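Close look at the chain arrangement
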Amino acid sequence: MGTIHYRRIASPVGALTIAASDAGLHAIEFPSNRHPQPRGGWREGDHPLLDQAQAQLGEYFAGKRETFDLPLAPRGTPFQREVWFALASIPYGQTASYAQLALRVDRPAATRAVGAANGRNPLPIVLPCHRVIGADGSLTGFGGGLPTKRFLLELEGALPRETPATDLFS
């Protein structure tokens, strides 16, 4: 696989760490990631794929990109990888429940296992685990935190933007 190069980039949800090698993009991590990737063999530095990922993430946050065109190389079990790649079938601006995601991977009885795999997704945003919500429509766990999940869903138009409370005394 070779050396995995990484860099930190600014984003509206805080500094993101992105990591790639010649095999593809390995990780996108939020500032306080619940399940950080093992760092063995990682080296801070440049790689053309990091430039592409940074540019596409910038376009996404600017509202100019709805899908990503990057080679991906997440590390995980075959089941996790199946779940992670199924996330890409949830369209921009839409959501799916964990049960619906379990159906997409043809494992309708494995909702909890699908949820656990979703929670370990090393490529959030690109493989949009933020689009998976509770069956009742509630925002449930997210490695980047629920405020980040809400921000991403609002950015995509899947949730109405929260309006700040009005000051009754002004």
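Details of the structure are given in the entry above.
Described below are features of the structure shown in this document. Not measured: the values here are computed from a predicted model.

1. Overview of the pairing of strand 1 (residues 4-9)
- Where burial is concerned, most of strand 1 is hidden: five out of the six residues are buried.
- One ladder, built from three bridges, connects strand 1 with strand 4 (residues 42-44); its direction is parallel. Opposite I4, over in strand 4, you have W42 as the bridge partner.
- Two elements, strand 1 and strand 2 (residues 16-21), share five bridges in a ladder whose sense is antiparallel. Residue pairing for strand 2: H5 is matched across the bridge by A20.
- The antiparallel pairing of strand 1 with strand 2 creates a hairpin that spans six residues between the two strands, and G14 there sits at a positive phi of about 105°.

2. A word on the pairing of strand 2
- Within strand 2, six of the six residues are buried, which leaves the element mostly enclosed by the surrounding structure.
- Residues L16, I18 and A20 point to one face of strand 2 and T17, A19 and S21 to the other, with burial holding for every one of them.
- As paired elements, strand 2 and strand 3 (residues 24-29) share five bridges and run antiparallel to each other. What sits directly across from A19, in strand 3, is A27.
- Here strand 2 folds back onto strand 3, and the loop between the two strands holds two residues.

3. Topic: the nonpolar core
- Counting 38 residues, the largest nonpolar core has L16, L25, I28, Y60, F61, L87 and I125 as the members making the most contacts within it.
- Contributions of two or more residues to this core are made by strand 2, strand 3, helix 1 (48-61), helix 2 (78-87), helix 3 (98-104), helix 4 (111-119) and helix 5 (146-155).
- Of all the elements, helix 1 adds the most residues to this core, at six residues.
- Among residues more than four places away in sequence, those in contact with L87 are L101, N118, N121, L127, P128, C129 and V132.
- I4, A19, A27 and W42 belong to the second-largest nonpolar core, a separate cluster that totals five residues.

Parameters at a glance
- Residues numbered from 1 in each chain as written.
- Predicted model: local features only at pLDDT ≥ 70, side-chain atom pairs only at ≥ 80, totals over all residues.
- Heavy atoms only, no water.
- Buried < 20%, exposed > 50% of the residue type's maximum accessible area, 1.4 Å probe, protein only.
- Helix = DSSP H or I, 4+ residues; strand = E, 2+ residues; numbered from the N terminus.
- Pairing = 2+ DSSP bridges.
- Core = buried A, V, L, I, M, F, W, Y, C linked by side-chain atoms within 4.5 Å.
- Contact = heavy atoms within 4.5 Å.

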